[in-house]
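# Commentary on secondary and tertiary structure
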Amino acid sequence: MILKETYTLANGVKIPKIGLGTWQIPEGEDAYNAVMYALKNGYRHIDTAAAYDNEKSVGRAIKDSKIPREEIFVTTKLPAECKGYEIAKECFEKSLEALDSEYIDLYLIHAPWPWDKIGMDCTRANVESWKALEEIYESGKAKAIGVSNFEPQHLQPILDNCRIVPMCNQINFHIGLRQEHIVSFCKPFNIQITAYSPLASGGLVQDEYVKKIAEKYNATIPQICIRYCIQKGKVVIPKSTKEERIISNACVDFELSAEDMEYLDRK
């Protein structure tokens, strides 16, 4: 069963192949219920971020699920605008408090620049933030650390100055957007790629090109999109607030043929 399958990060930590993404799910009932639906139906990986402003609801659902904390993999992120050593440590502690957890399974720098200043050179501040993440990791409060939305030019300064290589890079990855320059850069360093927005933020849901493959496998288009990412070796974190879709998104225990993968690669 795919929900029980994992990848192994460079430090030996196992990360479930499928998780529930919670981007754009509001704090409160929506976020709480989505996480509860996911956990009730076998998910053991929940992805959130301080910037999503729903960590409290995520943490409360995890507690209320009564599933042992060590059985659930939780990812959260340092806000993109919070750059530097001290603020990174402060933000991490705030996320711990919001999630009501003694540790976080994977802590990421959310982006190489503030979202309102995309393209800004934050090299020095990212290196300082990374030094804080290294110390957090060594303290045991984060079981793994990494980055998100980092391209090679953002990763290289981290690699040049780090003691611990990032274990994950979470990027926008889906059929039609494979970001091969990032994937190929990360591979020699054993940096696991997590694919967010596997449905292209809904852009693929009605796609006629993908629909042909979905019909062939008697699957939904989202299932094809998710399976595609898995067969590319990526962790994938589809988002939904509806229980039936959360269940459906994990029904991907089939295999796309090499021919069909090549077809989808041409999208």
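Now for a description of the structure that goes with this document. (Residues numbered from 1 in each chain as written. Predicted model: local features only at pLDDT ≥ 70, side-chain atom pairs only at ≥ 80, totals over all residues. Heavy atoms only, no water.)

Structurally, His 174 can be placed in the loop between strand 8 (168-172) and helix 6 (180-186). The residues contacting His 174, other than those within four sequence positions of it, are Ser 197, Pro 198, Ala 200, Leu 204, Tyr 228 and Cys 229. (Helix = DSSP H or I, 4+ residues; strand = E, 2+ residues; numbered from the N terminus. Contact = heavy atoms within 4.5 Å.)

Here we take up the packing of helix 4 (residues 123-139) against helix 5 (residues 152-161). With their axes 9 Å apart at the nearest point, helix 4 and helix 5 run at an angle of 50 degrees to one another. In terms of their interaxial angle, helix 4 and helix 5 are classed as oblique. Considering how the two elements wind past one another, helix 4 and helix 5 form a crossing that is right-handed. Residues Thr 123, Asn 126, Val 127 and Trp 130 of helix 4 pack against Pro 157, Ile 158 and Asn 161 of helix 5. Looking at the contact of helix 4 with helix 5 residue by residue, the classes come out as 4 nonpolar, 3 polar and no charged. (Axes fitted to C-alpha atoms, helices over the stretch in contact; angles between N-to-C directions. Parallel < 35°, antiparallel > 145°, perpendicular 65-115°, else oblique. Left-handed = near helix turned anticlockwise from the far one by under 90°. Nonpolar A, V, L, I, M, F, W, Y, C, P; charged D, E, K, R; others polar.)

For the rest of this paragraph, the subject is the packing of helix 3 (residues 85-99) against helix 4. Packing of helix 3 against helix 4 leaves a shortest axis separation of 7 Å and a crossing angle of 45 degrees. Looking at the two axes, helix 3 sits oblique to helix 4. Judged by the twist between their axes, the crossing of helix 3 over helix 4 is right-handed. Between helix 3 and helix 4, the residues in contact are Tyr 85, Ala 88, Lys 89 and Phe 92 and Glu 128, Ser 129, Lys 131, Ala 132, Leu 133, Glu 135 and Ile 136, respectively. Classifying every residue of the contact of helix 3 with helix 4 gives 6 nonpolar, 1 polar and 4 charged.

Below, the discussion takes up the pattern of salt bridges. Summed over all chains, the structure comprises 15 salt bridges. Of the charged contacts, one joins Glu 243 and Lys 40 as a salt bridge, the two residues approaching to 2.8 Å between their closest N and O atoms. Of this pair, Glu 243 sits in helix 9 (residues 243-249) while Lys 40 is found in helix 1 (residues 29-40), placing the two residues 203 residues apart along the sequence. On the basis of relative accessible area, Glu 243 is assigned to the partly exposed category, the value being 21%. (Salt bridge = Lys/Arg side-chain N within 4 Å of Asp/Glu carboxyl O. Buried < 20%, exposed > 50% of the residue type's maximum accessible area, 1.4 Å probe, protein only.)

All right, on to unusual backbone geometry then. One non-glycine residue, Asn 149, adopts positive backbone phi at about 65 degrees. Assignment of secondary structure puts Asn 149 in the loop between strand 7 (145-148) and helix 5. Even without a glycine there, the phi angle at Ala 200 is positive, about 55 degrees. Along the chain, the position of Ala 200 falls in the loop between strand 9 (192-196) and helix 7 (208-217).

This paragraph deals with the packing of aromatic side chains. One pass over the structure, following the stated rule, counts 5 aromatic pairs. Taking the centre distance of 5.7 Å and the plane angle of 40 degrees together, the rings of Phe 185 and Phe 189 count as tilted. When its relative accessible area of 19% is taken as the criterion, Phe 185 is described as buried. Exposure remark for Phe 189: the relative accessible area of 35% places this residue in the partly exposed category. (Phe/Tyr/Trp six-rings, centres within 6.5 Å; stacked < 30°, edge-to-face > 60°.)

It is worth spelling out the environment of Gly 59 at this point. Relative to the elements of secondary structure, Gly 59 occurs in helix 2 (residues 55-64). Each C-alpha atom, one on Gly 59 and one on Lys 187, is 32 Å from the other, the two residues being 128 residues apart in sequence.

What follows is about the nonpolar core. Membership of the largest hydrophobic core comes to 83 residues, with the highest contact counts inside it found for Ile 18, Tyr 107, Ile 224 and Leu 264. Tallying contributions element by element places helix 8 (residues 221-231) first for this core, with 7 residues. Residues contacting Leu 264, with those up to four places away along its chain left out, are Ile 175, Tyr 209, Val 210, Ile 213, Ile 224, Tyr 228 and Leu 256. (Core = buried A, V, L, I, M, F, W, Y, C linked by side-chain atoms within 4.5 Å.)

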